[in-house]
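The chain contents come next:
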2 protein chains.
Amino acid sequence: MKAGILGGGQLGRMLLQEAANYTVETWVMEKDRDCPAAHLCHHFVQGDIRDYDAVYAFGQQVDVLTIEIENVNVEALERLEAEGKTIIPKPSALKTIKNKILQKQYYRHHSIPSPAFLVTQDKAELATKTDFLPAVHKLGMGGYDGRGVQLLKKAADIENGFDAPSVLEKMIDIDKEIAISVAIDKKGAHVIYPPVEMIFDPYLNLLDYQLCPADIQKTTLWKAEAIALAVARNFGSPGIFAIEMFIDRSGDVWVNETAPRVHNSGHHTIEAHYSSQFDMLWRIMLDYPLGNTALIMPSIMINILGAEGHKGNALYEGMNEVLAMENAYVHIYGKSQTAPGRKMGHVTILERDKTDLLRKAGKVKKALRVIS
Amino acid sequence: MKAGILGGGQLGRMLLQEAANYTVETWVMEKDRDCPAAHLCHHFVQGDIRDYDAVYAFGQQVDVLTIEIENVNVEALERLEAEGKTIIPKPSALKTIKNKILQKQYYRHHSIPSPAFLVTQDKAELATKTDFLPAVHKLGMGGYDGRGVQLLKKAADIENGFDAPSVLEKMIDIDKEIAISVAIDKKGAHVIYPPVEMIFDPYLNLLDYQLCPADIQKTTLWKAEAIALAVARNFGSPGIFAIEMFIDRSGDVWVNETAPRVHNSGHHTIEAHYSSQFDMLWRIMLDYPLGNTALIMPSIMINILGAEGHKGNALYEGMNEVLAMENAYVHIYGKSQTAPGRKMGHVTILERDKTDLLRKAGKVKKALRVIS
């Protein structure tokens, strides 16, 4: 089978590492010829994944297409789908998810608990909604990886809001943040991964670690699983869906966001689960049975971000210290250029005990630095 | 770091899948542009790995070189080593292992138990050694994967022997065949993988399954480990060494052959061990600490060979049946052409119980066929 991936970042790279287990001919499209995935596919096509003509031409060469980032030209995918190509996820799901306004309306339409919201068309309209604060302002289109999100605590913060169609979302009194991935095949069969728990740095407010399984009550888990399934299945689309959720202090579960693809919150599945999210997506694309989502061992995942104050050719400090730790798995994404906060790699640690996981994660975080 | 691999088969392919976890720029040389590893490296060089000039030119581009097959030009590697390149394994080890006569003499020199042998220069000399039969005749140079080995039971079989320098080796009354891999880093530190046991088909006499850990007595294990270590360490070379051994009916251990590289007997380590043989070789090449050889779970590995009577474009029957089995990992090598007995892929199964492993392996063997 011929399979194309729109986007050539680290998710594409890890997808291609797994693709080599199967009989699939791989295509990647990305603007940057030196992107993380470029050298691991059969055919690299230099092009803009947001461009209609480029995506349409790219898609015509393959049997099945997927994405590793939402920010692609959906109209071209719709045409390709109409012409018989298999797109995973379906363009309709992608369209809903890409636009945060449509995404929120989707949750409401399907009675999926998600924080209360208003739509604001511009800053002028936002200024009339100060009684809705404190809230989070999310740009409808084009936000990614923390960009396009503003916390608005009080009326004076309005100036930091977006002057374009956006969602204004009530703040939740968050106890925990978790994510659950759901895999759905072309026939509609599904499997569900155990939840991961995001552990934030109390000082820097950056996502630091991701623990699996999440340390939550069974009743909360059941709620979260039911909600994640409802989110994923109502799209009527095959694919992998990562559903990020808040758990509030009364144990209620609220959907924050959904990604219709392999996701940062599933990196640990490479080593810690029988079938990784990357393996799983190939199973879906190539019409194989779904894999086993069970965990082999509890795990913790640490994102490796470019160090503050360093921009330029990437150098990795502390690799030996980390690789000397038992069952620490390093994944460097092969980006030649580092920048503060840029995702340059991740480390997954396997251990039976949560305390050991946290202790080792702290050691990794101290040891490993990406400088220039 | 810039790393080159001589040979572009399945071992190279699996090495490259792991390489993408680290910061390494990869080169592959192989005659066939469509070989399993060609599309997974940064730089593919079409060339003959047995050719002095080709290997020398290839090696000059990289910092560290390794092999995925012994049949390479060692003289070019010697020159590259003399000029400061790091070759893993060292050309001296490769030279000894490549020639079965030198390999046997190496075992004798280091008092490593290996079946008694004679050297025969040609068929005429072989004909004078009939009182040494039953024995196995092994071609000194150029044998690979079952080629270059002849069983000579009685005088009449002499005609099947080799008319070139060869080893005539006494037959051992074999109870079991096992293999142990030893990894040695550049400073001489080593780690050792648990033994695998080869399980042969009683009818076809083909290697069918490979069980890990081998089902052997503790005292036999200690002997086998000590012998494997002696074999590997006396080369005075970093690298991965797969030592194949016979256990006879009185529990004695005899070295059959050694491979100074990642090896078929280590495929299961990808999923079943904390650090796979492929990960381990990168750790050695890139000067990282050695990994953890412990097993996560017992495993069985089944080679997928081209079916008898089928030659041509490869088709894989039964993939869905195998992938529907829990914790069955399929690796297809991406060879477009199948031929009877050709190694086309492998399947690894994880299970806690040996009986379950054998039962599932039997199911895989029945289900999966490579036809044309």
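Residues numbered from 1 in each chain as written. Chains lettered and ligands numbered in written order. Predicted model: local features only at pLDDT ≥ 70, side-chain atom pairs only at ≥ 80, totals over all residues.

In terms of helices and strands, chain A carries eleven helices and 22 strands. Rg of the C-alpha trace for chain A: 20 Å, near the compact-globule value of 21 Å for 372 residues, within the 12% margin. Its C-alpha atoms put chain A at 55 × 50 × 45 Å along the principal axes. Split into buried and exposed, the 372 residues of chain A put 50% on the buried side. In chain A, of all internal contacts separated by at least 6 residues, the share reaching a separation of at least 24 is 62%. (Helix = DSSP H or I, 4+ residues; strand = E, 2+ residues; numbered from the N terminus. Rg over C-alpha atoms; globule rule 2.2 N^0.38 Å. Buried ≥ 20, exposed ≤ 12 C-beta atoms within 10 Å, placed from the backbone. Contact = placed C-beta atoms within 7 Å.)

Take the confidence of the model for chain A next. Mean pLDDT over chain A: 95, with 97% of residues reaching 70 or higher. As scored by the predictor, the complex reaches a pTM of 0.96 and an ipTM of 0.94. (pLDDT = per-residue confidence, 0-100.)

Superposition record for chain B on chain A: RMSD 0.0 Å, screw rotation 180 degrees, translation along axis 0.0 Å. Here the two chains are linked by the operation of a two-fold rotation axis. Every residue of chain B has its C-alpha some distance from the rotation axis, and the shortest such distance is that of Leu40(B), at 2.2 Å. Take the interface residues of chain B: 100% of them recur as interface residues in chain A, which is what a same-surface contact looks like. (Least-squares fit on C-alpha atoms with pLDDT ≥ 70 in both.)

So, on to the sheet that holds strand S9 (residues 166–170) of chain B. Residues and elements named next belong to chain B. As summarised here, the arrangement of the four strands in space is S6-S9-S7-S8, forming an open sheet in which the pairing is antiparallel. Taken across any chain shown, the strands that pair with only one partner, and hence form the sheet edges, are strand S6 (117–120) and strand S8 (149–152). Averaged over all neighbouring strand pairs, the angle between strand axes comes to 25 degrees, with direction disregarded. Sheet analysis places S6 next to S9, joined by four bridges and oriented antiparallel. Counterpart to Val119 in the pairing with S9 is Val167. (Pairing = 2+ DSSP bridges. Axes fitted to C-alpha atoms, helices over the stretch in contact; angles between N-to-C directions.)

Here the focus is the nonpolar core. If you look at the biggest cluster of nonpolar residues, it comprises 202 residues, and the most contacted ones within it are Ile243(A), Met245(A), Val347(A), Ile243(B), Met245(B) and Val347(B). When residues no more than four places from it in sequence are discounted, the contact partners of Met245(A) are Ile178(A), Ala179(A), Ala224(A), Ile227(A), Val253(A), Trp254(A), Val255(A) and Asn256(A). (Core = buried A, V, L, I, M, F, W, Y, C linked by C-beta atoms within 7 Å.)

Before going further, it helps to spend a moment on helix H11 (residues 354–367) of chain B. Residue and element names in this part refer to chain B. A rise of 1.5 Å per residue sets the reference length of H11, with its 14 residues, at 20 Å; its end C-alpha atoms lie 20 Å apart and thus fit the reference within 8%. Of all the residues in H11, the buried ones are Leu357, Lys360, Ala361 and Val364. Projected down its long axis, H11 carries its buried residues within an arc of 105 degrees, all on one side. Residues of H11 that are exposed and point more than 90 degrees away from the buried face comprise Thr355 and Lys366. (Expected span 1.5 Å × (residues − 1). Arc of directions from axis to C-beta.)

With that settled, the discussion passes to the packing of helix H1 (residues 10–19) of chain A against helix H9 (residues 277–285) of chain A. Residues and elements named next belong to chain A. Close contact between H1 and H9 brings their axes to 9 Å; oriented N to C, the two are set at 65 degrees. One element, H1, and the other, H9, form an angle in the roughly perpendicular class. When you trace H1 past H9, the crossing you get is right-handed. Across the interface between the two elements, Met14, Leu15, Glu18 and Ala19 of H1 pack against Phe278, Asp279, Leu281 and Trp282 of H9. Broken down by class, the residue content of the contact of H1 with H9 amounts to six nonpolar, no polar and two charged. (Parallel < 35°, antiparallel > 145°, perpendicular 65-115°, else oblique. Left-handed = near helix turned anticlockwise from the far one by under 90°. Nonpolar A, V, L, I, M, F, W, Y, C, P; charged D, E, K, R; others polar.)

When cut into domains, chain A gives domain 1 (2–88), domain 2 (116–170) and domain 3 (174–371). Spacing between the C-alpha centres of domain 1 of chain A and domain 2 of chain A amounts to 33 Å. (Domains from an automatic or database assignment.)

Further remarks concern the interface of chain B and chain A. With 27 residues of chain B at the contact, the number on the chain A side is 27 residues. Every element with two or more residues in the side of chain B that touches chain A is listed here: helix H1 (10–19), helix H10 (319–323) and strand S19 (328–332) of chain B. In terms of residue class, the side of chain B that touches chain A is built from 14 nonpolar, ten polar and three charged.

Moving on: helix H7 (residues 218–233) of chain B. Residues and elements named next belong to chain B. Taking 1.5 Å per residue, 16 residues should reach 22 Å; H7 reaches 22 Å between its end C-alpha atoms and fits that length. Buried residues of H7: Ala224, Ile227, Ala228, Val231 and Ala232, and no others. For H7, the angular spread of the buried residues around the axis is 130 degrees, confining them to a single face. In this structure, H7 carries Lys218, Thr219, Trp222 and Ala226 as exposed residues pointing more than 90 degrees from its buried face. Looking at the packing, one finds that the buried side of H7 touches strand S10 (174–184), strand S11 (190–192), strand S14 (239–248) and strand S15 (253–259).

Another aspect to go through is the sheet that holds strand S1 (residues 2–6) of chain B. Residues and elements named next belong to chain B. With parallel pairing, five strands are arranged side by side in an open sheet as S3-S2-S1-S4-S5. Of all the strands in the sheet, the pair left with one neighbour each is strand S3 (43–46) and strand S5 (86–88). Taking the axes of each pair of neighbouring strands and ignoring which way they run, one obtains an average angle of 20 degrees across the sheet. Strand direction decides the pairing type here: S1 and strand S2 (residues 25–30), joined by five bridges, are parallel. Bridged to Leu6 within S2 is Met29.

Here we take up the pairing of strand S7 (residues 135–139) of chain B. All names here are of chain B. By the criterion of burial, S7 is predominantly enclosed, with five of the five residues buried. Going residue by residue along S7, you find Ala135, His137 and Leu139 tucked away on one face and Val136 and Lys138 tucked away on the opposite face as well. In the sheet, S7 pairs with S8 via four bridges, with the strands oriented antiparallel. If you follow Val136 over to S8, its bridge partner there is Leu151. Sheet topology places S7 next to S9; five bridges connect them, and they run antiparallel. If you follow Lys138 over to S9, its bridge partner there is Val167.

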